[in-house]
Amino acid sequence: MTDTQAFPAGAPIPAALRPALEAIGRVARDLAHRIARGPLEGQMHAPVGDNADGDAQKALDVIADEAFAEAIRGTDVRWYASEERTEPVLLNPEGTLALAIDPLDGSSNIETNVSIGTIFSLRAARETGAETFLRPGHEQLAAGYVIYGPQVMLMLSFGATLQHHILDPETNTFILLDPAVTIDGGSTEFAINASNYRHWSKPIRAYIDDCLAGAEGPRACNFNMRWIASLVAETHRILMRGGLFLYPSDARPGYEAGRLRMVYECAPIALLIEAAQGRATDGTTRILDLIPQSLHARTPFVFGSAGKVDHVTAYHDLPDQEVSALFGNRGLFRA
Ligand SMILES: O=P(O)(O)OC[C@H]1O[C@](O)(COP(=O)(O)O)[C@@H](O)[C@@H]1O
Ligand SMILES: [Mg+2]
Ligand SMILES: [Mg+2]
């Protein structure tokens, strides 16, 4: 691959964050190249062990993690925290920034040629890794994801707006498509892993029951459902055409706080969603106000168009007899 800059000179990126984002952008485009070669690069979906959190690690998880850690080493990043590592790693003791990263998101999709991605979050570095990362998400300086799909794209925010970039394969450079993406509020699509229905809480079941009841139900509207099992791909669809994502807590052992991790999955996605004027909660509380208890802490996650997310919150406020009722007897909500 060429050694050109990942971003053109005029890209709207704050100077203090540019070296770190340039390193992330370069690794992402190299990964995109390897992912596009698929089996020609070897068995990227081969299991290689378990990560700190007990999840199965694939070869590409480790390749991506090592590539990002190596590239970020020469920048102003002091702490590197990754899904694939038990503890934050001290990179540059003089550095003022900290990077939290899900190097490869959606890794169950590697061999299926479905979109996967990288999610990242930049913060101000503090003395220790714990002091740095166990803080509310609204303190993030920047967040973003790269989606390795039919097109390679980067969604990037510094808090106020959401930038949409595309990797131009001709120049190998990320080009800004839209400086301020906003989420469509009118979509009637929701995304949830419905195989867990029997394990959900009553408010989540009631909410989904009412979506599935369609035009004949209390929402008086037909909904459509999607589940890709790749958080970046679900997020991208919602940013492009609206909708709602839910990965709630459920009754399975280990899923008391859902599946997704706060520091390097939910907090960065929540920053992007809010920058696009959407909403992101744990079902009731704003994700960006929550403080993770540990680096790999999980949280229930609900995000998307603001009105849809508020609707889910309202189901949690219903009295027990209302969420226990059959949808035909639950008349409080209309789409
Ligand atoms: O297989 P499930 O339970 O539906 O979970 C799917 C979720 O898990 C994830 O793949 C977790 O991310 P990793 O691949 O980084 O572990 C998300 O991308 C996705 O939303
Ligand atoms: Mg992930
Ligand atoms: Mg991952």
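Residues numbered from 1 in each chain as written. Chains lettered and ligands numbered in written order. Predicted model: local features only at pLDDT ≥ 70, side-chain atom pairs only at ≥ 80, totals over all residues. Heavy atoms only, no water.

A.B. asks: Please provide a residue-by-residue account of the sheet that holds strand S12 (residues 224-226), values included.
C.D. replies: The strand order S12-S11-S13-S15-S14 describes an open sheet built from five strands, whose pairing is mixed. Among the strands making up the open sheet, the edge pair consists of S12 and strand S14 (279-281). When strand polarity is set aside, the average angle formed by the axes of neighbouring strands in this sheet is 15°. Bridge count for strand S11 (residues 189-191) against S12 is three bridges, and the pairing is parallel. Bridge pairing in S12 places phenylalanine 190 opposite methionine 225. Each of strand S13 (244-247), S14 and strand S15 (301-304) is contacted by helix H7 (residues 306-317), which is oriented at about 150° to S15, the strand it contacts most. (Pairing = 2+ DSSP bridges. Helix = DSSP H or I, 4+ residues; strand = E, 2+ residues; numbered from the N terminus. Axes fitted to C-alpha atoms, helices over the stretch in contact; angles between N-to-C directions. Contact = heavy atoms within 4.5 Å.)

A.B. asks: I'd like to hear about the site of ligand 1, residue by residue, with values.
C.D. replies: Taken together, 17 residues lie near ligand 1, and Asp105, Asn193, Leu231, Tyr247 and Arg259 sit nearest. Between ligand 1 and tyrosine 247, the relevant distance is 2.7 Å, taken from an oxygen atom to a side-chain nitrogen or oxygen of the residue. Interatomic distance of 3.1 Å between a side-chain N/O atom of arginine 261 and an oxygen atom of ligand 1. Considered on its own, ligand 1 offers 480 Å² of accessible surface; in the complex 89% of this is hidden by protein. The leading source of residues in the shell around ligand 1 is strand S5 (residues 97-105), at three residues. When residues of the shell around ligand 1 are sorted by domain, at least three fall in each of domain 1 (15-178) and domain 2 (189-329). (Near = heavy atom within 4 Å. Polar contact = N/O pair within 3.5 Å; in protein donor to acceptor, adjacent residues only side chain to side chain. Areas by Shrake-Rupley, 256 points an atom, 1.4 Å probe, with all protein chains shown as cover. Domains from an automatic or database assignment.)

A.B. asks: I'd love a proper account of helix H4 (residues 202-212), names of residues and values included.
C.D. replies: Residues Pro203, Ile204, Ala206, Tyr207, Ile208, Asp210 and Cys211 constitute the buried set of H4. Elements that come into contact with the buried residues of H4 comprise S11, S13, H7 and helix H8 (320-324). Just downstream of H4 lies glycine 214, where phi reads positive at about 60°. (Buried < 20%, exposed > 50% of the residue type's maximum accessible area, 1.4 Å probe, protein only.)

A.B. asks: Give a description of the coordination of the magnesium ion (ligand 3) that names residues and reports values.
C.D. replies: The protein atoms donating to the magnesium ion (ligand 3) are Glu83 (OE), Asp102 (OD) and Leu104 (O), with metal-donor distances spanning 2.1 to 2.2 Å. The sequence motif formed by the donor residues of the magnesium ion (ligand 3) is E-x18-D-x1-L. Taken as a pair, the magnesium ion (ligand 3) and the magnesium ion (ligand 2) show a spacing of 3.7 Å, with aspartate 102 coordinating each metal. Of the two residues, glutamate 83 sits in the loop between strand S3 (77-82) and strand S4 (89-90) while leucine 104 sits in strand S5, which places them 21 residues apart along the sequence. As far as burial versus exposure is concerned, glutamate 83 and leucine 104 are alike and both buried. (Donors = N, O, S within 2.8 Å, 3.2 Å for Na, K, Ca; no water.)

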